[in-house]
2 protein chains.
Amino acid sequence: MPRKKVSIKEIASAAGVSSALVSMVLNGKAKQYGIGEEATQRVLRIAREMNYQPNIMARGLRSGRSHLIGLVVADIANPFFAKLAREIEKQASEHGYTVIYGSSDDNSRRMNSFMQTLVNQGVDGIIAIPCEDTIKIAAELQEQKFPLVLVDRDYTDMKISSVLLDNEQAGRQITEYLINAGYRQISFVAYSGDLSHIQGRMSGYLQAMQAHGLTETVHRLDKSDSQESIRQILSAIRQGSEPTDALIFANNTLTIEGLYMIREAGLQVPDDVAVFGFDGGNAFDLFTPPVSYVCQPITEMGREAFSLLIKQLEASDPQPAEKVVLQSSFVYTDSSRARIQPTNPSTKKTI
Amino acid sequence: MPRKKVSIKEIASAAGVSSALVSMVLNGKAKQYGIGEEATQRVLRIAREMNYQPNIMARGLRSGRSHLIGLVVADIANPFFAKLAREIEKQASEHGYTVIYGSSDDNSRRMNSFMQTLVNQGVDGIIAIPCEDTIKIAAELQEQKFPLVLVDRDYTDMKISSVLLDNEQAGRQITEYLINAGYRQISFVAYSGDLSHIQGRMSGYLQAMQAHGLTETVHRLDKSDSQESIRQILSAIRQGSEPTDALIFANNTLTIEGLYMIREAGLQVPDDVAVFGFDGGNAFDLFTPPVSYVCQPITEMGREAFSLLIKQLEASDPQPAEKVVLQSSFVYTDSSRARIQPTNPSTKKTI
DNA sequence: ATTGCCGTCTGAAACGATTTAGCTTATCTT
DNA sequence: AAGATAAGCTAAATCGTTTCAGACGGCAAT
């Protein structure tokens, strides 16, 4: 197996031409540079025979492009991001790019330093799930016309290419759904912090509740002791001290945590309390009963993100920032099935 | 924000020294090359002021090292691999390396081409979850002394550094456990193919069954229609046409599939059939009842894999291949609780 | 005073690919 | 036949770093 590093020079001398010619031919620019047919074929054949593989470093140094793109997610072990990463990786490899990735844990310091590392590594562009303070470094990169696409979260004052979900709409829709299904005391549970997607979901929830003249209840949990907080909420529900007939968990991990606690508390879903979550997953399906959830179009998000990025990468002039907003779909299951006796049938309406 | 690309040359002229000296200082080799204290400090200060960032491509071209490592997993969307990736990424970044990753889908063609891409990208080493035919390309790389570590699966005839689990032991142990818990008709369910870790688990199962004089039943499912196959197995169990009181699913995804089907079939666990799986996950915990599983030391695997790789990377002389075998732990839950009336109490013994 | 040797530092080559400017020939024009 | 044009190719510069082989001044030993 010939895997000795073959350089363009060796091919050149084997073919009896200059290394410049070899480079041109191998880059498919033979016609463009007016290289003769015979020489072209000879070089091509020899390169194949010698199993030539271009040296990325040399090429990158010369051309200033690495064909590497950076991907920063909150946590690759979160299925949502893993699937997103999968799709982006697929797109990238189809377009001749390779992906470098890292997890930020939604920690802005880690995020910053990783972004910095990526830029130093010479990536051509970055796709990132921003966290609250990413805005600074993102703005900086944006200013320097560094190709950048943000996914899943939005910080409205910035003109940065992004792929987003209509979280407000999703929040509104599932709340409406629960109301129509006869639930009245619907609580919204989220981690504290102001990640934009959570804000959007919450705002949709609030709108729907207000539109129906219902009292909103929002629980913001500190990530560090969310488990204990959920336990308290559930125990309040159980004792009836906080009348609640449905819970909306604002994201995937929180929903999962919630399910653990619900089981621990021995609550029946949806009889004691209905549950609606985000993002789905096996755990949702295999819970008893299966859990209703907002289903984000992950594949499409990945595709859009990459397409936005490559638009910037391949364009010679700076492209205008573009925000793509996608709609979610919904999976309605028994965890949010219609109440047998709606609390107040008269307010039940279809929107 | 100064982000104009500052080169070593500009620092050199700003400091009034040669670029060679700057390079030496910036690489911490000042002492080694006997650079004066004063010059060293001046260069360091100026480099900081100008926010110098080395050009990775140039460095890589010159030194032949990219500080990139490749990671090939079967599927990053599988939590097991995601967690592994997470740990490896962490280790890598702590050691100044960056990770490029890709999913192979256990498809050897894809795997091959991705490995090839990685090598072309100039990664310094590769950590891979091999699939059945990876052995060829792995052997090839190994022969060229290319730093390579294989994880999770083994192909015994090769002398390649690997991190493995004692799958045979795990298979044996959970089978023994089920036998002790009073189960007698224990079936082993796996995808077809001969991935070594599956073989190991199966062989452990067979050993334990034989040791107790019990009849082994192994189902090998074609990945393409595993769902249908499981459905048939379960329906046989239900109708009693195939006497089975416990199922061991040989890996994570298969266990999940199994759980879906068990729920669909309306079987009660463990009364109708006990269940034992691999790798765990939220879905296991939230199933009713929670599912017993073999818990692989993922973090440790990642750490070991990276440590094996870096040993090869930083050593000047080729290192001998090394196989690290780790032990699993076990989570025993109600899905495999002791039968109320063991089929044959007299054979119950503690191993 | 010459030699030898430190301690400090520099020049220049090298890594491999790309690209520009320009050099040969051969062919065409007039 | 002389000059212009084109076709086909090459030399050499370039990207930013690293590193090896010295250079240079000064000091001690001879």
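Conventions used here
- Residues numbered from 1 in each chain as written.
- Chains lettered and ligands numbered in written order.
- Predicted model: local features only at pLDDT ≥ 70, side-chain atom pairs only at ≥ 80, totals over all residues.
- Heavy atoms only, no water.
- Phe/Tyr/Trp six-rings, centres within 6.5 Å; stacked < 30°, edge-to-face > 60°.
- Helix = DSSP H or I, 4+ residues; strand = E, 2+ residues; numbered from the N terminus.
- Lys NZ or Arg CZ within 6 Å of the ring centre and 35° of its normal.
- Near = heavy atom within 4 Å.
- Polar contact = N/O pair within 3.5 Å; in protein donor to acceptor, adjacent residues only side chain to side chain.
- Nonpolar A, V, L, I, M, F, W, Y, C, P; charged D, E, K, R; others polar.
- Pairing = 2+ DSSP bridges.
- Least-squares fit on C-alpha atoms with pLDDT ≥ 70 in both.
- Contact = heavy atoms within 4.5 Å.
- Buried area = accessible area lost by both parts, 1.4 Å probe.
- Salt bridge = Lys/Arg side-chain N within 4 Å of Asp/Glu carboxyl O.
- Core = buried A, V, L, I, M, F, W, Y, C linked by side-chain atoms within 4.5 Å.
- Buried < 20%, exposed > 50% of the residue type's maximum accessible area, 1.4 Å probe, protein only.
- Axes fitted to C-alpha atoms, helices over the stretch in contact; angles between N-to-C directions.
- Parallel < 35°, antiparallel > 145°, perpendicular 65-115°, else oblique.
- Left-handed = near helix turned anticlockwise from the far one by under 90°.
- Expected span 1.5 Å × (residues − 1).
- Domains from an automatic or database assignment.

Student: Please explain the packing of aromatic side chains as it appears in this structure.
Tutor: Remark: the centre distance and the inter-plane angle together describe each pair of aromatic rings, the angle taken between the planes. Residue and element names in this part refer to chain A. In this structure the tally under the stated criterion is 17 aromatic pairs over all chains. Considering the side-chain rings of Phe 276 and Tyr 332, the 5.9 Å spacing of their centres and the 70° angle between planes classify their relative orientation as edge-to-face. One end of the pair, Phe 276, is in strand S9 (residues 274-278); the other, Tyr 332, is in the segment after strand S12 (329-331), and 56 residues separate them in sequence. Among the aromatic residues, ring-to-ring pairing joins Tyr 177, Phe 276, Phe 330 and Tyr 332 into one connected group. Note that Lys 223 overlies the ring of Tyr 191, its terminal NZ or CZ placed 5.0 Å from the centroid.

Student: Explanation requested: the protein's contact with DNA strand D in the structure shown.
Tutor: Taken together, the neighbourhood of DNA strand D is formed by 27 residues, with Gly 36 of chain A together with Ile 8, Ser 23, Tyr 52 and Arg 62 of chain B sitting nearest. Each atom of DNA strand D within 4 Å of the protein belongs either to a base or to sugar and phosphate, the latter forming 64%. Ser 18 of chain A places a main-chain nitrogen or oxygen 2.8 Å from a phosphate oxygen of DNA strand D. Taking Asn 27 of chain B, its side chain carries an N or O atom lying 3.2 Å from a phosphate oxygen of DNA strand D. Of all the secondary-structure elements, those providing two or more residues to the surface near DNA strand D are helix H2 (19-26) and helix H5 (56-63) of chain A together with helix H2 (19-26) and helix H4 (56-63) of chain B. Each residue belonging to the surface near DNA strand D can be placed in one class, and the counts come to 14 nonpolar, nine polar and four charged.

Student: Where do I start with the pairing of strand S7 (residues 217-221) of chain A in this structure?
Tutor: One face of the sheet, then the other: side chains in a regular strand alternate in exactly this way. Sheet topology places strand S6 (residues 186-191) of chain A next to S7 of chain A; five bridges connect them, and they run parallel. Looking at the pairing, Tyr 191 of chain A lines up with Leu 221 of chain A of S7 of chain A.

Student: Looking at this model, I keep getting lost on the relation of the copies chain B and chain A. Mind explaining?
Tutor: The second copy of the chain is related to the first by a rotation about an axis and a shift along the axis. After a rotation of 180° and a shift along the axis of 0.0 Å, chain B superposes on chain A with an RMSD of 0.2 Å. Put plainly, the chains are arranged around a two-fold axis. Taking C-alpha positions as the reference, the residue of chain B nearest the rotation axis is Ala 283 of chain B, at 1.9 Å. Mapped onto chain A, 100% of the interface residues of chain B are again interface residues, and the two copies thus contact each other with one and the same surface.

Student: Sorry if this is basic, but what is going on with the interface of chain B and chain A here?
Tutor: Many analyses report the size of an interface as the accessible area lost when the parts associate. Each partner contributes residues to the interface: chain B has 50 residues there, and chain A has 51 residues. Carbon and sulfur atoms supply 55% of the area that chain B and chain A bury against each other, a total of about 4600 Å² over both sides. Here chain B is connected to chain A by four salt bridges. Where chain B packs against chain A, one counts 25 residue pairs in polar contact (both at pLDDT 80 or more). By residue number, the principal contributor to the side of chain B that touches chain A is strand S2 (residues 98-103) of chain B, which donates six residues. Residues belonging to the side of chain B that touches chain A are distributed by class as follows: 24 nonpolar, 17 polar and nine charged.

Student: Please explain the nonpolar core as it appears in this structure.
Tutor: If you look at soluble globular proteins, the nonpolar side chains tend to sit buried side by side. If you look at the biggest cluster of nonpolar residues, it comprises 60 residues, and the most contacted ones within it are Ile 69 of chain A together with Ile 69 of chain B. In contact with Ile 69 of chain A, not counting residues within four places along its chain, are Ile 88, Ala 92, Tyr 97, Thr 98, Val 99, Ile 100, Val 123, Gly 125, Ile 127, Phe 306, Leu 309 and Leu 313 of chain A.

Student: Where do I start with the packing of helix H5 (residues 79-94) of chain B against helix H13 (residues 298-314) of chain B in this structure?
Tutor: The description of two packed helices rests on the angle between their axes and on the distance between the axes. Residues and elements named next belong to chain B. Relative to each other, H5 and H13 sit at 45°, their axes nearing to 8 Å. For the element pair H5 / H13, the angle class is oblique. Here H5 and H13 pass one another in a crossing that is right-handed. Here Phe 80, Lys 83, Leu 84, Glu 87, Ile 88, Gln 91 and Ala 92 of H5 come into contact with H13, specifically with Ile 298, Thr 299, Met 301, Gly 302, Arg 303 and Phe 306.

Student: What am I meant to see in the sheet that holds strand S9 (residues 274-278) of chain B here?
Tutor: One key point about sheets: their strands pair by backbone hydrogen bonds, in either a parallel or an antiparallel sense. Residues and elements named next belong to chain B. Sheet architecture is open: six strands sit in the order S7-S6-S8-S9-S10-S12, paired in mixed fashion. The sheet terminates laterally at strand S7 (217-221) and strand S12 (329-331), the two strands that pair on one side only. Here the strands of the sheet are splayed against their neighbours by 20° on average, with no regard to which way each runs. Across three bridges, the pairing between strand S10 (residues 292-295) and S12 is antiparallel. Within S12, the residue paired with Val 294 across the bridge is Phe 330. Packing against the sheet, helix H9 (residues 196-211) makes contact with strand S6 (186-191), S7, strand S8 (246-249) and S9, and its axis sits at approximately 165° to S6.

Student: Where do I start with the packing of helix H6 (residues 108-121) of chain B against helix H7 (residues 134-143) of chain B in this structure?
Tutor: Residue and element names in this part refer to chain B. Here H6 crosses H7 at 25°, and the two axes come no closer than 9 Å. The orientation of H6 relative to H7 falls into the category roughly parallel. H6 and H7 meet at a crossing whose hand is right-handed. Every residue of H7 that contacts H6 at Met 111, Asn 112, Met 115 and Val 119 is listed here: Thr 134, Ile 137 and Leu 141. In terms of residue class, the contact of H6 with H7 is made up of five nonpolar, two polar and no charged.

Student: Help me out: how do you make sense of helix H14 (residues 298-314) of chain A in this one?
Tutor: All names here are of chain A. Here H14 spans 24 Å end to end across 17 residues, near enough to the 24 Å set by a 1.5 Å rise per residue. Among the residues of H14, those classed as buried are Ile 298, Met 301, Gly 302, Ala 305, Phe 306, Leu 308, Leu 309, Ile 310, Gln 312 and Leu 313. On the buried face of H14, the contacting elements are strand S1 (68-73), helix H6 (79-94), strand S3 (125-128), strand S4 (148-151), strand S5 (162-165) and strand S11 (323-326).

Student: Looking at this structure, I do not really get the pattern of salt bridges. What am I missing?
Tutor: If the charged atoms of two oppositely charged side chains come close together, the side chains can form a pair. Per the counting criterion, the structure on display carries 31 salt bridges over all chains. A salt bridge links Arg 337 of chain A to Asp 334 of chain A, with the shortest nitrogen-to-oxygen separation between them at 3.7 Å. Its relative accessible area of 39% is what places Asp 334 of chain A among the partly exposed residues. Ionic pairing is found between Asp 105 of chain B and Arg 110 of chain B, a salt bridge with its closest N-O pair at 3.4 Å. A residue is classified by how much of its surface remains accessible, and Asp 105 of chain B, at 36% relative accessible area, is partly exposed. With relative accessibility at 40%, the residue Arg 110 of chain B sits in the partly exposed group.

Student: Hey, could you run me through the domain arrangement of chain A in this one?
Tutor: According to the domain assignment, chain A contains domain 1 (1-63) and domain 2 (167-296 + 329-350). Computed over C-alpha atoms, the centres of domain 1 of chain A and domain 2 of chain A are 62 Å apart.

Student: Could you clarify how one ought to interpret the environment of Asp 75 of chain A in this entry?
Tutor: Tracing the backbone through its elements, the reader meets Asp 75 of chain A in the loop between S1 and H6. Remark: the alpha-carbon pair of Asp 75 of chain A and Gly 102 of chain A, spanning 27 residues in sequence, is separated by 8.0 Å. Once you skip the residues sitting within four places of it in the chain, Asp 75 of chain A turns out to touch Phe 81, Ser 103 and Asp 105 of chain A together with Arg 86 of chain B. Among the polar contacts made by the side chain of Asp 75 of chain A, one reaches the side chain of Arg 86 of chain B at a distance of 2.6 Å.

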